[in-house]
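# Residue-level structure breakdown
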Amino acid sequence: MEVGNTTRVTVFVLQGLSNNPQIQAVLFVTFLVVYLLTLTGNLLMLLVIRTDSHLHTPMYFFLSHLSFLDAFYSSVIVPKLLENLLSKWKTISFLECFTQISLVIFSGATEACLLSVMAYDRYQAVCHPLSYVVTMNKKICIGLVGASWAIGMGTGLLNTILLAQQHFCGPNLIRSFACEFPPVLLLACSDPYMNVASILTTMVVLGLGTLVLLLGSYTHIIMTALGINSASGQNKIFSTCSSHFLVVTIFYGSGVFRYMTPASGSALEQVLSVQYSVVTPLLNPLIYSLKNQEVKAALRRMLARKPRLTF
């Protein structure tokens, strides 16, 4: 659309993962299976936590929100990816693109907060077991989750609104399979100083802040575990925390490599984006179900429960 002598982009084109029809067909089937497994795994985790009274604890309350967030995040990215794998023209409207950017930032920021809250919960349970019930009461847990969602929403809206103020005059090719902040910012024709400052501030304050809380919590947990003479006690602590620590490592590891490297549209960048956006939401429920004895026991109880027929 032209206004005077100025051209303004109203539609973006996604580069996608491949232009080969055969590869696109394979990718479509692969991502569809991964998406269905992601939804099934995370929704099953929600169902197990909700129906099993043994899991009505702060740790699983936070895990239920993480599972919902993973299913939500996957639904923000994968359906459009599947649509584009079947489409000749991989276009996305301005509004749809910026909505996706906002939801991606919101999901990432909220998950970072939730993971740090879960680490703090484990710190209280391991290092202060006698006051744990009082410290992590229902009101506190709801407040921590509410703050995580609120911070995520505020972060997503702020960065997206600032990005939408940019002038996009062309080209309109996004070198990615989804609308993400770095590749879209590269298309801006006006000075991106405010956007760069905003996203860097977000990453330093939110990313570094939650990482410090995570590292501090796990440092105290490890020191407490090493101070226990009982080998069974140490094993119990490490087995309880290992699932969460693995999820944290995958989340921060893939996130740092994805967003701390310059956007270029390279094959490595695409792989990191797929791993961060598509694979990670699938891994989380698998990690918690395979490595957590309480979740496995709850799954067995749910499967062994006989269905009741009502007439």
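Residue indices follow the written sequence of each chain, beginning from 1 at its first position. Restriction of local features to residues with pLDDT of at least 70 applies here, the model being predicted, together with a cutoff of 80 or more for giving and counting side-chain atom pairs; totals for whole chains, interfaces and linings are based on all residues. As a convention, hydrogens and water are excluded, and side-chain values are obtained from all of the structure's heavy atoms.

For the protein chain, the name recorded in an unreviewed UniProt entry is Olfactory receptor, with Bos indicus as its organism. UniProt positions are given in the numbering used here, feature names are shortened, and annotations may be inferred rather than shown by experiment. In UniProt, the protein chain has this text filed under Sequence similarities (unreviewed entry): "Belongs to the G-protein coupled receptor 1 family." According to UniProt, the comment filed for the protein chain under the heading Subcellular location (unreviewed entry) is "Cell membrane".

A few words on the pattern of salt bridges. Between Lys or Arg on one side and Asp or Glu on the other, a salt bridge is scored when a side-chain nitrogen of the former is within 4 Å of a carboxyl oxygen of the latter. A full pass over the atoms with the stated rule returns 4 salt bridges. Between Lys80 and Glu83 there is a salt bridge, with the nearest N and O atoms lying 3.4 Å from each other. On the criterion of helical spacing, the pair formed by Lys80 and Glu83 is a turn pair, its members being 3 residues apart in helix α2 (residues 58-86). Residue Lys80 is classed as buried on the basis of its relative accessible area of 9%. Residue exposure (1.4 Å probe, protein chains only): buried if accessible area is under 20% of the type maximum, exposed if over 50%, otherwise partly exposed. When its relative accessible area of 42% is taken as the criterion, Glu83 is described as partly exposed. Put simply, DSSP H or I for four residues or longer makes a helix, DSSP E for two residues or longer makes a strand, and each gets a number counted from the N terminus.

With that settled, consider the sheet that holds strand β3 (residues 11-14). In this description, strands pair whenever DSSP reports at least two bridges between them. The strand order across the open sheet formed by 3 strands is β4-β3-β5, and the pairing between neighbours is mixed. Edge positions in the sheet fall to β4 (91-93) and β5 (173-174), since each of these pairs with one other strand and no more. Where β3 and β4 come together, 3 bridges link them in antiparallel fashion. In the strand pairing of β4, Phe12 is matched with Ile92. Here helix α3 (residues 94-127) sits on the sheet and contacts β3, β4 and β5; the angle it forms with β4, its principal contact strand, is near 85°. Pairs of residues are marked as contacts when any of their non-hydrogen atoms sit within 4.5 Å. Inter-axis angles, ranging from 0 to 180 degrees, are taken between N-to-C directions of lines fitted to C-alpha atoms, where helices are fitted over the stretch in contact.

For the rest of this paragraph, the subject is the side chain of Gln24. Along the chain, Gln24 falls in helix α1 (residues 21-51). Residue Gln24 is classed as buried on the basis of its relative accessible area of 9%. Under the rule applied, a polar contact is a pair of N or O atoms within 3.5 Å (in protein, one hydrogen donor and one hydrogen acceptor; residues adjacent in sequence only if both atoms are side-chain atoms). Separated by 2.6 Å, the side chain of Gln24 and the backbone oxygen of Ser18 make a polar contact. Leave out the neighbours within four places in its chain, and Gln24 touches Ser18, Asn19, Leu85 and Lys90.

It is worth spelling out the packing of aromatic side chains at this point. Only Phe, Tyr and Trp rings take part, Trp by its six-membered ring, and two of them pair if their centres are within 6.5 Å. Stacked means planes under 30 degrees apart, edge-to-face means over 60, and tilted covers everything else. Overall, the coordinates contain 13 aromatic pairs when judged by the stated rule. Note on Phe12 and Phe168: the rings are 5.7 Å apart at their centroids and 90° apart in plane angle, and the pair reads as edge-to-face. Here Phe168 lies in the loop between α5 (138-164) and β5 and Phe12 lies in strand β3, a separation of 156 residues in the sequence. This pair shows no difference in class: Phe12 is buried, exactly as Phe168 is. Ring centres of Phe98 and Phe168 lie 5.8 Å apart, and the angle between their planes is 70°; this geometry places the pair in the edge-to-face category. With Phe98 in helix α3 and Phe168 in the loop between α5 and β5, this residue pair connects regions lying 70 residues apart in the sequence. A relative accessible area of 5% places Phe98 in the buried class. Judged by relative accessible area, which is 1%, Phe168 ranks as buried. One aromatic cluster is present, built from ring pairs that chain together Phe12, Phe94, Phe98 and Phe168.

Let us look at the pairing of β3. Burial along β3 is one-sided: the face carrying Phe12 and Leu14 is buried and the face carrying Val11 and Val13 is not. Sheet topology places β3 next to β5; 2 bridges connect them, and they run parallel. In the sheet register, Val13 faces β5, and the bridge partner there is Leu173.

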